[in-house]
Amino acid sequence: MIRSGSLKLDRWVLAAAALLAVCQPAFAEKRVALVLGNSAYRNVPQLANPVNDSAKIAATLKEAGFDVVDSRRDLPAAETRRALRDFADRARDADIAVVYYAGHGIEVDGSNYLIPVDAKLERDTDVYDEALSLDRVLIAIEPAKKLRLVILDACRDNPFSKTMKRTVASRAIGQGLAKVEPSSPNVLIAYSAKAGFTAADGDGQNSPFTAALSRHIATPGLDVRRAFGFVRDEVLKTTGNRQEPFVYGSLGGEDVPLVPAPAKPAPAAAAPAPALSAQAEARRDYELALQLGNKNALDAFLMQYPDGFYASLAKLQLDKIAAEEIRVAATEKARLAEQERARLVAEGAQRSEQSKADADARAAEQARIAAEKAKQIAQDQAAAAEQKRLAAEAPAPAKEPVKEPVKEKAVNLAALPPASAPTDVTKSVQAELRRVGCLTGAADGDWNAASQRSLTLFNRYAGTKLDAKVASVDTLDVIKLKPSRVCPLVCEHGFRADGDRCSRITCAQGSVLNDDNECERRRANKPVAKRDTEDRPERPVRERPRPEVSAPRPQGSPQASGRGSGQVVCDQSGCRSANAGCRVEFRTFEAGGPYPSGGNIQVCR
């Protein structure tokens, strides 16, 4: 009797163990999360919602049954590093590790950084000391086995970039966050807005991204990729297509929910679920791969669907990605070749080495231009094919309005048409055109004639064929790849180009600036005859000398000498004896004398 009871007990224990073994996988995964929210910035205006957003997500994950939810707020740099270090220890034996961050972020030279509340960022190089790179966050979640997820609600309009001083003119400081490609498997990085765009902080208690995220991320049994697809659709609708969340990275073919579906006993005679058609399944999987937008996702799709309409579309998308990779490699090679040529010139290398470096630089530049053209062609082909697909899948107009079921709309992740370029894209393109020296006006978001001319100049000097009539995300990506000035600097007369600015030309003493903007020796002034004689001394006026008439000497005669007083007076008629009772006097011409030099006259009483 005792033996029989013991056997029954053993059977019951074995049955219970078997039942637990069946139900255990759904709940055995260890899930840990670190939630950070920075609102109280000390050196820039505070943000309203990040602390509220982090509290909302922390509560959502706790309700979802996460084993560890470490929620921190308003951390300075040192405490943020300590929190990441402690979280890395918790993630060592975890299956799923999640890091959520709300606050300010910044992109410098293509790398993304999270900004603690005590950061000042007075210059661009301070970001390496005062901020935390996204790579540091990825290191903290690296030990997780099944899923490593980083969620960044950090694409807000960054006030630090407006006051930050640049130590190098070519260092790019972008708007929003830069595109990332995780190098490790099973890694997803979710942005609240697409790379290069800014996200709204929200007028309510939470940002639009966090509000949608809290409604979908913890849905039991929902694959995390589909959850972010629903978040994207909701945010696009809420913001009027101005903000599009985006996910970077890839996972395998199995569903990976953050919250496992509850275990349900299978009914005895369960009706088979209606299966999707092969075309509908291919379409759904293609849209998921297109949403991820990377090579791994498209390769996985082609492994499952090697032929057919959607396979052709996936191959065009892969051609586009491959052309972009070739273009990036060619651009880097051209940059390195130009640096080598400049180095040899600066060091005064041999002419043969300089000639070889010049040839290599020209070849690399030609290869870069060819890669730019090939990338543009592949991009146009992929865009045209995608437009045809959307047009073909659009429902035919019905005679009577038919209401679509809500669930059918939710499944189609790529059904929304691409939104027109918002003002943020235009401002970003204008800011990049200013950085490469092609635009002199302000980045005001108005794509006017001046902006179109600046993009035309960029096409001319960069060898690209971008559409100058509109500012697009592809245009922004192409310009951001240029590390330095593209359009030449044009200075006014009297100034010369000095790096990225115009410097006034100063000539040495004795030299002047000519019409060719060059200094030349000042020419000596030649004497010029002038009619004006006011300053010259007056010459003395010489009077013409009058002919002197010498008075004839008196010719004495015996007759004359015996008459009168014996004096003789002479005039023009001749000489004669003075009359009796008269005397002879010598007088000048002015006093009545007969000659200019004076002469004798007789004076009678």
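Just above, that's the structure.
Calculation notes
- Numbers given for residues are sequential positions, taken from 1 along each chain in its written order.
- Totals for whole chains, interfaces and linings use all residues, but because this is a predicted model, local features are given only for residues with pLDDT of at least 70 and pairs of side-chain atoms are given and counted only at 80 or more.
- Excluded from the side-chain calculations are hydrogens and water; all other atoms, namely the structure's heavy atoms, are used.
- For helices, the axis comes from a line fit to the C-alpha atoms of the stretch in contact; other axes are also lines fit to C-alpha atoms, and the angle between any two N-to-C directions lies between 0 and 180 degrees.
- The secondary structure listing takes helices from DSSP runs of H or I that are at least 4 residues long and strands from runs of E that are at least 2 residues long, numbered from the N terminus.
- For classification purposes, an angle smaller than 35 degrees is called roughly parallel, one larger than 145 roughly antiparallel, one from 65 to 115 roughly perpendicular, and anything else oblique.
- If you view the pair so one helix is near and one far, a crossing is left-handed when the near helix is turned anticlockwise from the far one by less than a right angle, and right-handed when it is turned clockwise.
- Whether two residues touch is decided by their heavy atoms; if any such pair falls within 4.5 Å, the residues are in contact.
- The residue classification treats Ala, Val, Leu, Ile, Met, Phe, Trp, Tyr, Cys and Pro as nonpolar and Asp, Glu, Lys and Arg as charged. All others, Gly included, are polar.
- Think of it in three bands: residues with accessible area under 20% of the maximum for their type are buried, residues over 50% are exposed, and the middle band is partly exposed, with areas taken using a 1.4 Å probe on protein chains only.
- Definition used for salt bridges: Asp or Glu carboxyl oxygen within 4 Å of a side-chain nitrogen of Lys or Arg.
- To form a nonpolar core, buried Ala, Val, Leu, Ile, Met, Phe, Trp, Tyr and Cys residues must be joined to one another through side-chain atoms within 4.5 Å.
- Disulfides are defined as pairs of cysteine sulfur atoms found within 2.5 Å of each other.

Asker: Would you explain the packing of helix 10 (residues 295–304) against helix 11 (residues 309–347) in this entry?
Answerer: The relative placement of two packed helices comes down to the angle between their axes together with the axis-to-axis distance. Two elements in contact, helix 10 and helix 11, have axes whose closest approach is 10 Å; the angle formed by their N-to-C orientations is 150 degrees. As far as their axial angle goes, helix 11 and helix 10 are roughly antiparallel. Every pair of crossing elements has a handedness; the one defined by helix 10 and helix 11 is left-handed. The residues of helix 11 that touch helix 10, namely those facing Lys 295, Leu 298, Asp 299, Phe 301 and Leu 302, are Tyr 310, Ala 311, Ala 314, Lys 315, Gln 317, Leu 318, Ile 321 and Glu 325. Grouping the constituent residues of the contact of helix 10 with helix 11 by class yields 8 nonpolar, 1 polar and 4 charged.

Asker: Please explain unusual backbone geometry as it appears in this structure.
Answerer: Negative phi characterises most residues that are not glycine, and trans characterises most peptide bonds. If you check the backbone angles, Asn 186 has positive phi at about 60 degrees while not being a glycine. Classification of Asn 186 as partly exposed rests on a relative accessible area of 27%. Here the phi dihedral of Asn 241 falls at roughly 65 degrees; this positive angle occurs in a residue that is not glycine. Counting through the fold element by element, Asn 241 comes out in the loop between helix 8 (224–238) and strand 10 (246–250).

Asker: It is not clear to me how the pattern of salt bridges should be interpreted in this structure. Could you clarify?
Answerer: When the charged atoms of two side chains lie near each other, side chains of opposite charge can form a pair. Tallied over the full model, the rule gives 28 salt bridges. Note that Glu 234 is salt-bridged to Arg 215, the shortest N-O span being 2.2 Å. In this pair, Glu 234 sits in helix 8 while Arg 215 sits in helix 7 (residues 208–216), placing the two residues 19 residues apart along the sequence.

Asker: Any chance you could explain the nonpolar core here in plain terms?
Answerer: One broad trend across soluble globular proteins is that nonpolar side chains are buried collectively. By size, the foremost hydrophobic cluster in this structure holds 68 residues, and its most contacted members are Leu 152, Tyr 191, Leu 433 and Phe 458. Membership of the second largest hydrophobic core comes to 49 residues, among which are Ala 212, Val 235, Leu 292 and Leu 313.

Asker: What exactly am I supposed to notice about the state of the cysteines here?
Answerer: Disulfide: a covalent bond formed between the sulfur atoms of two cysteine residues. The full count for this structure, using the stated rule, is 3 disulfides. Two residues share a disulfide in this structure: Cys 507 and Cys 519, whose sulfurs sit 2.0 Å from each other. The sign of the -85 degrees torsion about the S-S bond sets the Cys 507-Cys 519 disulfide as left-handed. Placement of the pair is Cys 507 in the loop between strand 12 (501–504) and strand 13 (511–513) and Cys 519 in strand 14 (residues 519–521), with a sequence separation of 12 residues. Overall, Cys 519 belongs to the partly exposed group, its relative accessible area being 39%. Linked covalently through their sulfurs, Cys 582 and Cys 604 form a disulfide whose S-S length is 1.6 Å. Note on the Cys 582 and Cys 604 pair: the S-S dihedral is about 105 degrees, so by sign convention the disulfide is right-handed. Remark: Cys 604 occurs in strand 18 (residues 599–604) and Cys 582 occurs in strand 17 (residues 582–587); sequence separation between them is 22 residues.

Asker: Looking at this model, I keep getting lost on the packing of helix 9 (residues 278–292) against helix 11. Mind explaining?
Answerer: For the pair helix 9 and helix 11, the least separation of the axes is 10 Å and the interaxial angle reads 15 degrees. Compared by their axis directions, helix 9 and helix 11 come out roughly parallel. For helix 9 against helix 11, the interelement crossing comes out left-handed. Residues Gln 279, Ala 282, Arg 283, Tyr 286 and Leu 290 of helix 9 form the contact with helix 11, whose own contacting residues are Tyr 310, Leu 313, Ala 314 and Gln 317. Among the residues forming the contact of helix 9 with helix 11, the class breakdown is 6 nonpolar, 2 polar and 1 charged.

Everything listed here is a matter of geometry and, on its own, says nothing about what the molecule does.
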